[in-house]
Amino acid sequence: MNTKARKIILDCDPGHDDAVAIELAGKHPAIDLLGITVVSGNQTLDKTLNNALHLVQHLGLDVPVYAGCGIPMIRQSQVIADDIHGKSGLDGPVFSELEIEAEKEHAVQFIVETLRKSDGDITLVPTGPLTNIAMAMRLAPDIVPKIKEIVLMGGAYQLGNTTPVAEFNIYVDAEAAHVVFESGAPIVMMGLDLTRQALCYPSIVERMRKIDNKASKLFSDMMGFFNETQKRIFGWDGAPLHDPTCIAYLINPDCVETKDMRVKVEIRSENCYGQTICDFYNVNKEEPNAKVGVKLNTELFWDILEEGLRQYD
Ligand code: BDR
Ligand code: CA
């Protein structure tokens, strides 16, 4: 492992774009993937966990997988995104029988213990609802100063995708998102304004497919399904590859331009529950708590993804 590689814990709910984030983080020399923690989100926890294990096995990754929270912190109902990701949460690819298992330890415990033992050099990368991260912060507030950075996919400073104003990961567990955004940990937020610039058009799928290894084959199998649902629901000709933007940024920060903003999560309003209120112009004159992604260098982003996929046999 490259000693300068960025140590990360990927907290995810695979999910097609989470799966691409795993592919990108799995073998890239700039990333040291310490563990994959799983949360319910795109599908129920049994399914997102199953998908994470299949991905790790299929890609031949030597990375432990931990099951985390299966229900939000406060909300009674679990919102899923089966319209976008299908019945399994990762419809499209066909995997061989599962031969590996999740670790016995709970994901939240793993996050707490790993941060406690660290030298403050671990970055958390949440690409699903923030339940596991918020629970870890509540269970062990002493870990917060140990977090190097949280680079998360979630929120929007303009338009939502689950309600007119709320993005899915935040909407599913807005109380958890509130805990994380108010924690004081350094946050980089890749919201929809940024990730909707990562549109994976058929020409990109074709470019990646030509790499012709197991990771690129998996990528095109997944994108076949994902591109179809995104077209049907949102009308995009290419699906936004939300979650891998976090990993790409860690590999090469030049691919995302950010702007400092004070971000608050709405948890009380009926119409606006889950909205990330981002003070773009700092009209409230408050100290920013997040670097928010505003501009993606798409060419560089696809180059980074290609480089990541090329690491596999
Ligand atoms: C986010 O929601 C999920 O469906 C995706 O995996 C992504 O993390 C986009 O709103
Ligand atoms: Ca996700």
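Please refer to the structure placed before this passage.
Since we're looking at a predicted model, the values are computed, not measured. (Residues numbered from 1 in each chain as written. Chains lettered and ligands numbered in written order. Predicted model: local features only at pLDDT ≥ 70, side-chain atom pairs only at ≥ 80, totals over all residues. Heavy atoms only, no water.)

Caption draft 1: Representation of the nonpolar core within the structure. In terms of nonpolar packing, the biggest core is built from 64 residues, with Ile-36, Phe-219, Leu-241, Ile-247 and Leu-305 touching the most fellow members. Ranked by residues supplied to this core, first place goes to helix 2 (residues 45–59) with seven residues. Excluding residues that lie within four positions of it along the chain, Leu-305 makes contacts with Val-20, Leu-24, Met-208, Phe-219 and Leu-241. Ranked by size, the runner-up nonpolar core spans 42 residues in total, among them Cys-69, Ala-134, Ala-176 and Ala-290. (Core = buried A, V, L, I, M, F, W, Y, C linked by side-chain atoms within 4.5 Å. Buried < 20%, exposed > 50% of the residue type's maximum accessible area, 1.4 Å probe, protein only. Helix = DSSP H or I, 4+ residues; strand = E, 2+ residues; numbered from the N terminus. Contact = heavy atoms within 4.5 Å.)

Caption draft 2: Representation of the packing of helix 9 (residues 202–209) against helix 12 (residues 298–309). The N-to-C vectors of helix 9 and helix 12 enclose an angle of 30°; their axes lie 10 Å apart at closest approach. The angle between helix 9 and helix 12 places the two elements in the roughly parallel class. When you trace helix 9 past helix 12, the crossing you get is right-handed. Seen from helix 9, the contacting residues are Ile-204, Arg-207 and Met-208; seen from helix 12, they are Trp-302, Asp-303, Leu-305, Glu-306 and Leu-309. For the contact of helix 9 with helix 12, a count of residues per class yields five nonpolar, no polar and three charged. (Axes fitted to C-alpha atoms, helices over the stretch in contact; angles between N-to-C directions. Parallel < 35°, antiparallel > 145°, perpendicular 65-115°, else oblique. Left-handed = near helix turned anticlockwise from the far one by under 90°. Nonpolar A, V, L, I, M, F, W, Y, C, P; charged D, E, K, R; others polar.)

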